[in-house]
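Architecture and fold: a report
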Amino acid sequence: MDCLFCKIIAGEIPSRKVYEDETVLAFHDIAPQTPVHVIVIPKQHISCAAEINEDNSAVVAHIFEVIAKVAKELGLENGYRIINNCGEDGGQTVKHLHFHILGGKKLSEGLVK
Ligand code: 5GP
Ligand code: ZN
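The sections below set out a description of the structure shown in this document. (Residues numbered from 1 in each chain as written. Chains lettered and ligands numbered in written order. Predicted model: local features only at pLDDT ≥ 70, side-chain atom pairs only at ≥ 80, totals over all residues. Heavy atoms only, no water.)

Turning our attention to the layout of surface pockets. Over the atoms rolls a probe the size of a water molecule, and its path tells where empty space is left. Each pocket or cavity is described by its volume, and for the largest pocket that value is around 900 Å³. Residue lining of the largest pocket: 33 residues in total, with Asp29, Gln33, His37, His100 and Leu102 positioned closest to the centre. When contributions to the lining of the largest pocket are tallied by element, the ones reaching two or more residues are helix H1 (4–10), strand S2 (24–28), strand S3 (36–42), strand S4 (80–83) and strand S5 (99–103). At 3 residues, the largest contribution of residues to the lining of the largest pocket is made by H1. (1 Å grid on protein atoms, 1.4 Å probe; cavity = no way out; pocket = protein on both sides within 12 Å on 5 of 7 lines; lining within 4 Å. Points joined across faces, edges and corners; volume = space filled by probe spheres on them. Helix = DSSP H or I, 4+ residues; strand = E, 2+ residues; numbered from the N terminus.)

In structure tokens:
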């Protein structure tokens, strides 16, 4: 499958990992939009949030446990934003489910620019 994040999971494309276990990987975004910008993904290929269902949703719960742990380790005690872009209108560019952790500065209060 021609999926960028599956290639990162397979080690075919290098990444700066911050966390890895059997089902989840977290790594620094290549083009950070905030001082801390980490991407958290399931190792299982799920194309987007619209593909989450009762068979695969356990990994999503685990991703949020990982986000809490990773955010602490990255020093984001003062808060952070979690973003998921889903589909064309959501602005998703990589078609493998992922959650952005954005932080390291005070973010704007608006949800969209
Ligand atoms: P999306 O726009 O789909 O929500 O987010 C995709 C993210 O993947 C973008 O923030 C982009 O900078 C990041 N990205 C794209 N290619 C690579 C890559 O090769 N390595 C890493 N670490 N991040 C990437
Ligand atoms: Zn994939």
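When the terminal C-alpha atoms of helix H2 (residues 58–73) are compared, their 23 Å separation across 16 residues agrees well with the 22 Å that a helix rising 1.5 Å per residue should span. Listed as buried for H2 are Val59, Val60, Ile63, Val66, Ile67, Val70 and Ala71. In a view along the axis of H2, the buried residues occupy a sector of 130°, so they form one face of it. Seen from the buried face of H2, the exposed residues on the opposite side, beyond 90 degrees, are Ala58, Glu65 and Lys72. Here the buried face of H2 lies against strand S1 (17–20), S2, S3, S4 and S5. Gly75 lies just past H2 and shows a positive phi near 80°. (Expected span 1.5 Å × (residues − 1). Buried < 20%, exposed > 50% of the residue type's maximum accessible area, 1.4 Å probe, protein only. Arc of directions from axis to C-beta. Contact = heavy atoms within 4.5 Å.)

Among the 17 residues in the neighbourhood of ligand 1, the closest are listed as Asp29, Asn85, Thr93, His98 and His100. Gly91 places a main-chain nitrogen or oxygen 3.4 Å from an oxygen atom of ligand 1. Contact with the protein chains removes 84% of the 520 Å² of surface that ligand 1 exposes when unbound. When contributions to the shell around ligand 1 are tallied by element, the ones reaching two or more residues are H1, S2 and S3. (Near = heavy atom within 4 Å. Polar contact = N/O pair within 3.5 Å; in protein donor to acceptor, adjacent residues only side chain to side chain. Areas by Shrake-Rupley, 256 points an atom, 1.4 Å probe, with all protein chains shown as cover.)

Note on metal geometry: ideal angles are 109.5 degrees for four donors arranged tetrahedrally and 90 or 180 degrees for six donors arranged octahedrally. On the protein side, the zinc ion (ligand 2) has Cys3 (SG), Cys6 (SG), His45 (ND1) and His96 (ND1) as donor atoms, found 2.0 to 2.3 Å from it. With 4 donor atoms in place around the zinc ion (ligand 2) and angles of 102 to 116° between them, the coordination shape is tetrahedral. Coordination of the zinc ion (ligand 2) draws on donor residues from a single chain, spaced C-x2-C-x38-H-x50-H in sequence. Taken as a pair, Cys3 in the segment before H1 and His96 in the loop between helix H3 (87–90) and S5 lie far apart in primary sequence, 93 residues in all. You'll find Cys3 and His96 in the same group, each marked buried. (Donors = N, O, S within 2.8 Å, 3.2 Å for Na, K, Ca; no water. Tetrahedral: all angles 85-135°; square planar, octahedral: opposite > 155°, others 65-115°.)

Now for the pairing of S1. On a regular strand, one side chain projects to one face of the sheet and the next to the other, so that they alternate. Sheet topology note: the S1/S2 ladder contains 3 bridges and is antiparallel. Looking at the pairing, Tyr19 lines up with Ala26 of S2. If you look at the hairpin formed by S1 and S2, you'll find 3 residues sitting between the two strands. (Pairing = 2+ DSSP bridges.)

Moving on, we come to the nonpolar core. If you look at the biggest cluster of nonpolar residues, it comprises 18 residues, and the most contacted ones within it are Val38, Val40 and Ile101. For this core, the elements supplying multiple residues, two or more each, are S2, S3, H2 and S5. No other element matches the 7 residues that H2 contributes to this core. In contact with Val38, not counting residues within four places along its chain, are Val18, Ala26, Phe27, His28, Asp29, Val70, Leu74, Phe99, His100 and Ile101. Core analysis: the second largest hydrophobic core is formed by 8 residues, Cys3, Phe5, Leu25 and Ile39 among them. (Core = buried A, V, L, I, M, F, W, Y, C linked by side-chain atoms within 4.5 Å.)

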